[in-house]
Amino acid sequence: MTTLISGGTIVSATGQVKADVLVDGETIAAVVAPGSTALGSDLASTVDTVIDATGKYVIPGGVDGHTHMELPFGGTNASDTFETGTTAAAWGGTTTIIDFAVQRTGERVQDGLAAWHEKAAGNCAIDYGFHQILGGVDDDSLKAMDELVADGITSVKLFMAYPGVFYSDDGQILRAMQQARENGALIMMHAENGMAIDVLVAQALARGETDPINHGLTRPWETEEEATHRAIMLARLTGAPLYIVHMSAKQAVATLAEARDQGYNVFGETCPQYLYLSLEEQLGAPGFEGAKWVCSTPLRSRAEGHQDELWRYLRTGDLSVVSTDHCPFCMKEQKELGVGDFSKIPNGIGSVEHRLDLLYQGVVMGEITLERWVELCSTTPARMFGLYGRKGVIEPGADADIVVYDPQGHTSIGYEKTHHMNMDHSAWEGFEIDGHVDVVMSRGSVVVSEGEFRGGKGHGKYLKRGLSQYLH
Ligand code: URP
Ligand code: ZN
Ligand code: ZN
């Protein structure tokens, strides 16, 4: 099966070029100048299918490096299965996810990982890989980390928050970093001072402050900044590279930027919710409505200017990646667990479907360039998580994961309108997007076209990842 994507402008992390893309089977066979006769006089007449991309951008499929399908959390499970979540991702132009396999305290790492393979295998509409959450750092899990790396799970997430659930103390973090220094794994850190937060939460509840906004007020920026600083110091001490996930506080990113300026191998990720949404407007919505936006780290105050600063750090390069931290929960029976006690609201927002569209608004608003959009959503995550060459780039030999994006198109985000995630609401209700994901190709198969889903579960393959390209 051969396809020619013709007439479009290919946008990469480094530039734009008008060129046609020839896809043969699952991979890209050639990138040729329009009308080129290098591969025969009339390429369009020799291929099986032609996709007309005139006036549109042709970009590498999105790589979302941070999702949580079916995550057991807060007394319930994230509401997207691998099937529904990867289908929604495809609708939005994401062709690869990296989800977090979970080892809970007391569980064997290998068992947690096997459970994740079982959930995902045969159910994904797009390709997928895994990071591993280490919920208990001990001799066994440190040994298991070496096996993970050999098996293509080349990054582990540690938590400085959630005591009693996923929390690692400083000694455990130090040991995991020492191991990562040896085996090449990338340490991903949830950087919040969980011990201090738990005291603030108990004090707020004792005062009768139970509404969702208290989730944010009891996780002030100092708790993120302090943990970020501590994680960086431990990384410096051990020489291990560090990737801090879901950063929302401008002070924490300033600390990260300072360490980067000093030459340390530390990287930051943010998410669309921290760029667009705020503590006052969403988390502080009347009644229990704010529960829709309870996530950790929390949304930050617009009055304090975090959102503008995060856009700036995306431009300076101090924030390297935009992922979604997709962790959806319905209001009914899930978020509702926290009525009368904000600390019982399951933490997470669903966005896997909207990341490319939301970040493209940054281009429209003049916050980032087209090239930076592609770099943040596709190329850098592919490099960061050991997939580059196969993913994150349009060049011969790469997987044919390609999105045709129409800058003249329009997308109205809304539960009734464009929603494919398994949730009973949209955290992005009412967002009007300049731009539209027209065609999505995953390993040479068109999975979305003309407003129709043409893919299916089982198409997505497991990706054994290499080491992060930024570390070697
Ligand atoms: O609120 C969030 N972020 N939920 C998902 C779990 C995590 O910490 O990433
Ligand atoms: Zn986290
Ligand atoms: Zn997460």
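Since we're looking at a predicted model, the values are computed, not measured.

A. Representation of the packing of helix H9 (residues 250-261) against helix H12 (residues 306-316) in the model. Relative orientation of the contacting elements H9 and H12 amounts to 25°, with a least axis distance of 9 Å. Between H9 and H12, the interaxial angle falls into the category roughly parallel. With respect to the hand of their crossing, H9 and H12 are arranged in left-handed fashion. Note on element contacts: H12 touches H9 through His 306, Glu 309, Leu 310 and Tyr 313, opposite Lys 250, Gln 251, Val 253, Ala 254 and Ala 257.

B. Main features of the layout of surface pockets. Empty space within the largest pocket amounts to approximately 430 Å³. Around the largest pocket, the lining comprises 21 residues; the ones closest to its centre are Phe 73, Tyr 162, Val 165, Ser 343 and Asn 347. Contributing elements (two or more residues each) for the lining of the largest pocket: strand E9 (72-73) and helix H6 (194-206). Here the lining of the largest pocket takes four residues from H6, the largest share from any one element. A class-by-class count of the residues in the lining of the largest pocket yields twelve nonpolar, five polar and four charged. What the second largest pocket holds in volume is close to 210 Å³. In terms of lining residues, the second largest pocket is bounded by 14 residues, among which Trp 91, Thr 411, Thr 418, His 420 and His 436 are the most central. Ranked by residues supplied to the lining of the second largest pocket, first place goes to strand E19 (residues 432-442) with three residues. Each of domain 1 (2-59 + 393-407 + 430-453) and domain 2 (61-384) gives at least three residues to the lining of the second largest pocket.

C. Representation of the sheet that holds strand E5 (residues 27-32). Ordered in space as E5-E4-E1-E6, the four strands form an open sheet in which the pairing is mixed. Each end of this open sheet is capped by a strand with a single partner; those strands are E5 and strand E6 (49-52). For this sheet, the mean angle separating the axes of adjacent strands, direction not counted, is 20°.

D. Representation of the domain arrangement of the chain in the model. According to the domain assignment, the chain contains domain 1 (2-59 + 393-407 + 430-453) and domain 2 (61-384). Each of domain 1 and domain 2 was reduced to a C-alpha centroid, and the two centroids are 32 Å apart. Domain 1 puts 30 residues into the contact, and the matching count from domain 2 is 25 residues. When the two sides are added together, the surface that domain 1 and domain 2 hide from each other amounts to roughly 2200 Å², 66% of it contributed by carbon and sulfur. The interface formed by domain 1 and domain 2 holds one salt bridge in total. Across the pair Asp 127 and Arg 443 runs a salt bridge whose closest N-O atoms are separated by 2.4 Å. Between the two partners, domain 1 and domain 2, sit six residue pairs in polar contact (both at pLDDT 80 or more). When residues of the side of domain 1 that touches domain 2 are traced back to their parent elements, those giving at least two are strand E7 (57-60), strand E18 (402-412), E19, strand E20 (445-449) and strand E21 (452-453). Per-class residue counts for the side of domain 1 that touches domain 2 are 16 nonpolar, eight polar and six charged.

E. Representation of the packing of helix H4 (residues 139-150) against helix H5 (residues 170-183) within the structure. The geometry of H4 relative to H5 is characterised by a closest axis approach of 10 Å and an angle of 25° between their N-to-C directions. Taken together, H4 and H5 sit at an angle that is classed as roughly parallel. Seen along the crossing, H4 lies across H5 with a hand that is right-handed. Counted together, Asp 139, Leu 142, Lys 143, Met 145, Asp 146 and Val 149 of H4 and Arg 175, Ala 176, Gln 179, Ala 180 and Asn 183 of H5 form the full contact between these two elements. Counted by class, the contact of H4 with H5 contains five nonpolar, two polar and four charged residues.

F. Up close: the site of ligand 1. In the neighbourhood of ligand 1, 13 residues make up the surrounding shell, with Lys 157, His 190, Ser 296, Asp 325 and Asn 347 lying closest. For ligand 1, an oxygen atom lies 3.2 Å from a polar atom in the side chain of His 68. The fraction of the free accessible surface of ligand 1 (260 Å²) that becomes covered by protein chains is 99%. For ligand 1, the cavity whose grid points lie within 2 Å of the majority of its atoms is the largest cavity. For the shell around ligand 1, a count of residues per class yields four nonpolar, seven polar and two charged.

G. Quick peek at the coordination of the zinc ion (ligand 3). Looking at the zinc ion (ligand 3), one finds its protein donor set to be His 66 (NE2), His 68 (NE2) and Asp 325 (OD), positioned 2.0 to 2.1 Å from the metal centre. Because the angles between the four donor atoms bound to the zinc ion (ligand 3) fall within 87 to 137°, the donor set is best described as irregular. What makes His 68 buried here is its relative accessible area of 4%. Since its relative accessible area comes to 8%, Asp 325 is described here as buried.

H. Here's a closer look at the coordination of the zinc ion (ligand 2). Within the protein, the atoms that donate to the zinc ion (ligand 2) are Lys 157 (NZ), His 190 (ND1) and His 246 (NE2), at distances of 2.1 to 2.2 Å. Within one chain, the residues donating to the zinc ion (ligand 2) are spaced in sequence as K-x32-H-x55-H. Between the zinc ion (ligand 2) and the zinc ion (ligand 3) the interatomic distance comes to 4.0 Å. Of this pair, Lys 157 sits in strand E13 (residues 155-159) while His 246 sits in the loop between strand E15 (242-244) and H9, and the two are 89 residues apart along the sequence. His 246 carries the same exposure label as Lys 157, and that label is buried.

Each value, and the rule that gives it
Residues numbered from 1 in each chain as written. Chains lettered and ligands numbered in written order. Predicted model: local features only at pLDDT ≥ 70, side-chain atom pairs only at ≥ 80, totals over all residues. Heavy atoms only, no water. Axes fitted to C-alpha atoms, helices over the stretch in contact; angles between N-to-C directions. Helix = DSSP H or I, 4+ residues; strand = E, 2+ residues; numbered from the N terminus. Parallel < 35°, antiparallel > 145°, perpendicular 65-115°, else oblique. Left-handed = near helix turned anticlockwise from the far one by under 90°. Contact = heavy atoms within 4.5 Å. 1 Å grid on protein atoms, 1.4 Å probe; cavity = no way out; pocket = protein on both sides within 12 Å on 5 of 7 lines; lining within 4 Å. Points joined across faces, edges and corners; volume = space filled by probe spheres on them. Nonpolar A, V, L, I, M, F, W, Y, C, P; charged D, E, K, R; others polar. Domains from an automatic or database assignment. Pairing = 2+ DSSP bridges. Buried area = accessible area lost by both parts, 1.4 Å probe. Salt bridge = Lys/Arg side-chain N within 4 Å of Asp/Glu carboxyl O. Polar contact = N/O pair within 3.5 Å; in protein donor to acceptor, adjacent residues only side chain to side chain. Near = heavy atom within 4 Å. Areas by Shrake-Rupley, 256 points an atom, 1.4 Å probe, with all protein chains shown as cover. Sits in = over half its atoms within 2 Å of the grid points. Donors = N, O, S within 2.8 Å, 3.2 Å for Na, K, Ca; no water. Tetrahedral: all angles 85-135°; square planar, octahedral: opposite > 155°, others 65-115°. Buried < 20%, exposed > 50% of the residue type's maximum accessible area, 1.4 Å probe, protein only.

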